Amino acid sequence: MKHLLTIESYRAWESFGIDKGFQTIKEAGFDGLDLSFYWKAAPALCGDDYKEKALEIKNALAKHGLSCTQAHAPFDFLYGMKQDDSCFEYLSIKRAIEACGIIGIDHIVVHGVKVPAPACSRMNMEYNYNYYKTFEPLCKKFGVKIAVENLSGAFTYPDLLNDILKQLDSPYFVGLVDVGHAWLRGGIQPAEFIRQMDKGVVKGLHIQDTHGMELGVDEHLVPYMANIDFAELIKALKEYGYDGEFTMECPRFLEFYAKQDLLLPALAFAEAVGRKLVNELNE
């Protein structure tokens, strides 16, 4: 299959709003976008008018000829918060899932919760298993999958991500690998992370570069700006048989240029780098 080149949409949305933001992503050359519901977008897109916002997004995607098969839920929910509609941090995730159903998005990243216990502990696994399962009826109702991402404190290593997906044991849960998190949080080059994942479970990627544990910062840079081995990553993805979109997640890089009214050329640069990698993956 030919892999689509997509990018997180937060910076474009923050700078220009939905319509012009999507237009800017299209002008930069991307095939589509990862719909970002996080940061300031959480209250703006997941408020009481979330259904109307979802329709606006759906129309803007069609207008600009953009694909959108992946989204990213708000990530403000913390351990100890109530898992019901009285908690906006929880409710906003539910609304984002429903919005994906309205728009026709295949899967949405929902972060695991950091619990006061080691990532490999039974407590961590049990809490996150129960947390994720609360969303499953909604996923079934709206035909949306949840993508579980490798994070610090929750599924840092490939065996942990494999384990939670096995426990969830449902077609409504898939895996997503953030290549920067693999290198930063677990000290594993992302190619090796991919090679250790169970076949067929990885359905999404977040592509970024980072100096990893050397700096200890989740930098979210454009590839080739730090020290991830992208040639080896592409090789590993081919071996794995990865069949999802290729999503650039570099909001911090874009933030520098958005402040200088240079978001479009920054997006175009990110697209050129991503296109090089996608072309190699598609060979």
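Attention in this report is confined to the structure presented alongside it.

Things to note about the layout of surface pockets
Taken as a whole, the largest pocket holds about 510 Å³ of empty space. Around the largest pocket sit 26 residues that line it, and His-72, Phe-75, His-111, Leu-151 and His-181 are the ones nearest its centre. Residues belonging to the lining of the largest pocket are distributed by class as follows: 12 nonpolar, six polar and eight charged.

A word on the nonpolar core
Formed by 92 residues in total, the largest nonpolar core has its most connected members in Leu-35, Phe-37, Ile-108, Tyr-131, Ile-146, Phe-246 and Met-248. Among the elements that line this core, the one with the most residues is helix H12 (residues 263–282), at eight residues.

With respect to the pairing of strand S1 (residues 5–8)
Residues Leu-5 and Ile-7 point to one face of S1 and Thr-6 and Glu-8 to the other, with burial holding for every one of them. Bridge count for S1 against strand S8 (residues 246–248) is three bridges, and the pairing is parallel. In the strand pairing of S8, Thr-6 is matched with Thr-247. The pairing of S1 with strand S2 (residues 32–36) spans three bridges and is parallel. Paired with Ile-7 across the strands is Leu-33, a residue of S2.

So, empty space enclosed by the protein
Taken as a whole, this structure holds one cavity of 30 Å³ or more when the rule is applied. As a volume, the largest cavity reaches approximately 40 Å³. In this structure, the largest cavity is lined by Ser-9, Tyr-10, Trp-13, Ile-18, Phe-22, Leu-35, Ser-36, Leu-45 and Ile-57. Put simply, the parts of the chain that give the lining of the largest cavity at least two residues each are helix H1 (10–28) and S2.

Digging into the sheet that holds strand S7 (residues 202–206)
Within a beta sheet, neighbouring strands are joined by backbone hydrogen bonds and run either parallel or antiparallel to one another. One open sheet holds the eight strands; their spatial order is S7-S6-S5-S4-S3-S2-S1-S8, and the pairing between them is parallel. Two strands bound the open sheet, and with one partner strand each, they are S7 and S8. Between one strand and the next, the sheet's axes are offset by a mean angle of 30°, whatever the strand orientation.

Focus: the side chain of Gln-208
Inspection of the secondary structure puts Gln-208 in the loop between S7 and helix H10 (230–240). Polar side-chain contacts of Gln-208 include one of 2.9 Å to the side chain of Asp-178. In this structure the side chain of Gln-208 is engaged in a polar contact, spanning 3.2 Å, whose partner is the side chain of Asp-218. Excluding anything up to four places from it in sequence, Gln-208 contacts Asp-178, Val-179, Gly-180, His-181, Asp-218, Glu-219, His-220, Leu-221, Ile-228, Phe-230 and Glu-249.

Definitions and limits used
- Residues numbered from 1 in each chain as written.
- Predicted model: local features only at pLDDT ≥ 70, side-chain atom pairs only at ≥ 80, totals over all residues.
- Heavy atoms only, no water.
- 1 Å grid on protein atoms, 1.4 Å probe; cavity = no way out; pocket = protein on both sides within 12 Å on 5 of 7 lines; lining within 4 Å.
- Points joined across faces, edges and corners; volume = space filled by probe spheres on them.
- Nonpolar A, V, L, I, M, F, W, Y, C, P; charged D, E, K, R; others polar.
- Core = buried A, V, L, I, M, F, W, Y, C linked by side-chain atoms within 4.5 Å.
- Buried < 20%, exposed > 50% of the residue type's maximum accessible area, 1.4 Å probe, protein only.
- Helix = DSSP H or I, 4+ residues; strand = E, 2+ residues; numbered from the N terminus.
- Pairing = 2+ DSSP bridges.
- Axes fitted to C-alpha atoms, helices over the stretch in contact; angles between N-to-C directions.
- Polar contact = N/O pair within 3.5 Å; in protein donor to acceptor, adjacent residues only side chain to side chain.
- Contact = heavy atoms within 4.5 Å.

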